[in-house]
Every structure is written in structure tokens, then in C-alpha cells.
Amino acid sequence: MADINFLGRLSNLWSGFVSLWITDVEKRHPEIAYQNAIDSMIEKYGKLKSATAAIMRRREEISTRLENERGELAAISADLNAALATGQDELGIVLIQKKNALEASVKTLEQEMEQARNDAQEAKDSLLGVKSEIQKLKDEKDRMLAQMQSAQARLKIQNQLEGLSVDAEVRALDNVREHIRNTVAEARMGSELRDSDLDVKLARLRQSSGAITARQQLEEMKRARAAQGEAAGKSM
């Protein structure tokens, strides 16, 4: 029993997977779903057409039988009148019995004929209805597939337009701007680090000391020349 239940559940699970797969395929290919529906309706139309033909054939058979028995009833009625006119009572009795049987048969056939007419009309209406539904489904297929293709074309164009937008260029320039800022910051940081370096400070100090010493030497040279000038004046 457990094995049977397991197999049943497994079968249901597989059926579910297949159904989902078919549904997914039909969504991605709606023309398949529409064509399957149309083919199914056409198959039903064929079966209904055969059934309608059988109903109409039965109606024609009943009509033929009814016409024949009506003709026979008319002939029996004429024979009965002749028998009564000629005093043939025994023959009249037989003809009356036959006439009664024919009248009952004609009445039954008339009822069957009425039912056959109704059945044939209903069958024809159903046949025309299915045919109309098939045509509507074909028209809907063409219309919906055209809408689908139009929507897909619009989406494709929208995607292409999005691909041509300036967002990518703006993002690229943002990256360039960020790189430039980083480069400037790195250069400024290198300059600041260089200014704070001990060797750099020492070199600047020596350069400043050298300048002071040179100025002192210049002043001393000026004083010496001035002294020489004064001595030369006194000797004169």
C-alpha cells in the first residue's frame, strides 16, 4: 500500500513538473498554445460534424418513411372508400385495421420527425457555433501575436535607446574626475611629506646659513674697501 501511494505521489509530481514545463513553453511561445487550442477545436468540429451528419441522415430517413406511409395511408383510405361503396364488408374491415395501424405509425413518425428536426437544428447551431469560435480564435491568435511582436520590438528599441544613453559617459567622466582629484591629492601629499622631511629641513638650513655667511663676507669686503679708501685719502 505504501509503495502504491509513493508511486501515485511520484506520478503526480512528475505530472506537475510536466505541466509547469508546458506552461512555461507556451508563455515563451504563445503561437504554440494558440495553435494547440485551434487544433483541438478543429478536432471537436470534425467529430461534431460527423454527429450532425448522422442526425440529419436520420431526419431524412424518417422523412422518407413518413412520406411513404402517408402515401400508403392515402391509398388505403381510397381503397376503403371503394370497398364501402361496393359493399365489400370483409375487405373493408381489413382495410380499416390497416388504416388504423398506418395512422398510428404516421403519428409516431410525425413525432419522431419533429424531434429529428429539432435535433438537426441544434446540431447545426452547435456546428456553426464551433466554427465561429475557431475563426474567432484564429483572429485572436493573429491579433495577439501581432501585439506580442510589437511589444517585443518596442522593448528591443527601448533597450537599444538605454544603451545609447549618456549615463555611461557620465559615469566614465566621474571616474576620470575622481582619478584627477586623487592624483592632485597624492602630489600635494608628496609635497607636504617632502617639506616635513629632516633632510629637506637640514638642506634648507644650510642654504640659509650659506646665504648669511655670504652676506657677512660681503659686508666685511665693503668695510675693508672703505678702510682702504680712507687710508689713501690720509696719505694724500
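Residues numbered from 1 in each chain as written. Predicted model: local features only at pLDDT ≥ 70, side-chain atom pairs only at ≥ 80, totals over all residues. Heavy atoms only, no water.

In the annotation of an unreviewed UniProt entry, the chain is listed under the name PspA/IM30 family protein and assigned to Candidatus Accumulibacter adjunctus. For the record of the chain, the UniProt heading Sequence similarities (unreviewed entry) holds the text "Belongs to the PspA/Vipp/IM30 family." (UniProt positions renumbered as here; feature names shortened; annotations may be inferred.)

Colleague: Even after reading the chapter, I still don't get the overall build of the chain, so can you show me in this structure?
Modeller: Tallying secondary structure elements over the chain gives five helices and zero strands in all. Here the chain holds 236 residues, and 13% of them are scored as buried. Expressed as a percentage of contacts within the chain between residues at least 6 apart in sequence, the contacts between residues at least 24 apart total 78%. When the accessible area of the chain is evaluated, it comes to approximately 18,800 Å², of which 57% is carbon and sulfur surface. (Helix = DSSP H or I, 4+ residues; strand = E, 2+ residues; numbered from the N terminus. Buried < 20%, exposed > 50% of the residue type's maximum accessible area, 1.4 Å probe, protein only. Contact = heavy atoms within 4.5 Å. Areas by Shrake-Rupley, 256 points an atom, 1.4 Å probe, with all protein chains shown as cover.)

Colleague: Sorry if this is basic, but what is going on with a nonpolar patch on the surface here?
Modeller: Taken together, V176, I180 and V184 make up a surface patch of nonpolar side chains, about 240 Å² in accessible area. Residue V176 is classed as partly exposed on the basis of its relative accessible area of 43%. (Patch = residues over 30% accessible without salt bridge, like charges linked within 9 Å, V, L, I, M, F, W, Y side chains within 5 Å. Salt bridge = Lys/Arg side-chain N within 4 Å of Asp/Glu carboxyl O.)

Colleague: Sorry if this is basic, but what is going on with the pattern of salt bridges here?
Modeller: Any two side chains of opposite charge can pair, on the condition that their charged atoms come close. Counted by the stated rule, this structure contains nine salt bridges. A salt bridge links R117 to E114, with the shortest nitrogen-to-oxygen separation between them at 3.7 Å. One end of the pair is R117 and the other is E114, both in helix α3 (residues 89-163) and three residues apart, which spans about a single turn. Taking the relative accessible area as the measure of exposure, R117 reaches 42% and is therefore partly exposed. Classification of E114 by relative accessible area gives partly exposed; the value is 43%. With its nearest N and O atoms 3.9 Å apart, the salt bridge here joins K136 to E133. Taken together, the residues K136 and E133, both in helix α3 and three residues apart, mark about one turn of the helix. With a relative accessible area of 40%, E133 lands in the partly exposed category. Each of E67, R70 and E110 takes part in a single network of salt bridges with overlapping partners.

Colleague: Help me understand the environment of K98, please; the structure alone is not making it clear to me.
Modeller: Mapped onto the elements, K98 comes out in helix α3. Overall, the relative accessible area of 41% leaves K98 in the partly exposed class. Spatially, the C-alpha atom of K98 lies 9.5 Å from that of S77, the residues being 21 residues apart in sequence. Once residues lying within four places of it in the same chain are set aside, the contact partners of K98 are E72 and I76.

Colleague: Help me understand helix α2 (residues 30-85), please; the structure alone is not making it clear to me.
Modeller: Along an α-helix, residues three or four apart share an orientation, since each turn contains 3.6 residues. Here α2 spans 81 Å end to end across 56 residues, near enough to the 82 Å set by a 1.5 Å rise per residue. At the C-terminal side of α2, G87 shows a positive phi close to 75°. (Expected span 1.5 Å × (residues − 1).)

Colleague: Looking at this structure, how should I read the nonpolar core?
Modeller: Side chains that are nonpolar tend, in soluble globular proteins, to be buried together. Judged by nonpolar contacts, I62, L66, L73, I76, L80, A83, L95, L102, V106, L109, M113 and A116 together constitute the single largest core of twelve residues. Elements with a contribution of two residues or more to this core: α2 and α3. Those residues in contact with A116 that lie beyond four places of it in its chain are I55, R58, R59 and I62. (Core = buried A, V, L, I, M, F, W, Y, C linked by side-chain atoms within 4.5 Å.)

Colleague: Help me out: how do you make sense of the side chain of E69 in this one?
Modeller: Mapped onto the secondary structure, E69 falls in helix α2. Despite its burial, E69 pairs with no opposite charge, the nearest such side chain being R65 at 5.0 Å. Ignoring any residue separated from it by four or fewer positions in sequence, one finds E69 in contact with L102, S105, V106 and L109. (Lys, Arg positive; Asp, Glu negative; His and termini not counted.)

Colleague: How should I be thinking about the side chain of T52 in this particular structure?
Modeller: Considering the arrangement of structural elements, one finds T52 in helix α2. Each residue touching T52, except ones within four places of it in the same chain, is listed here: A123, K124 and L127.

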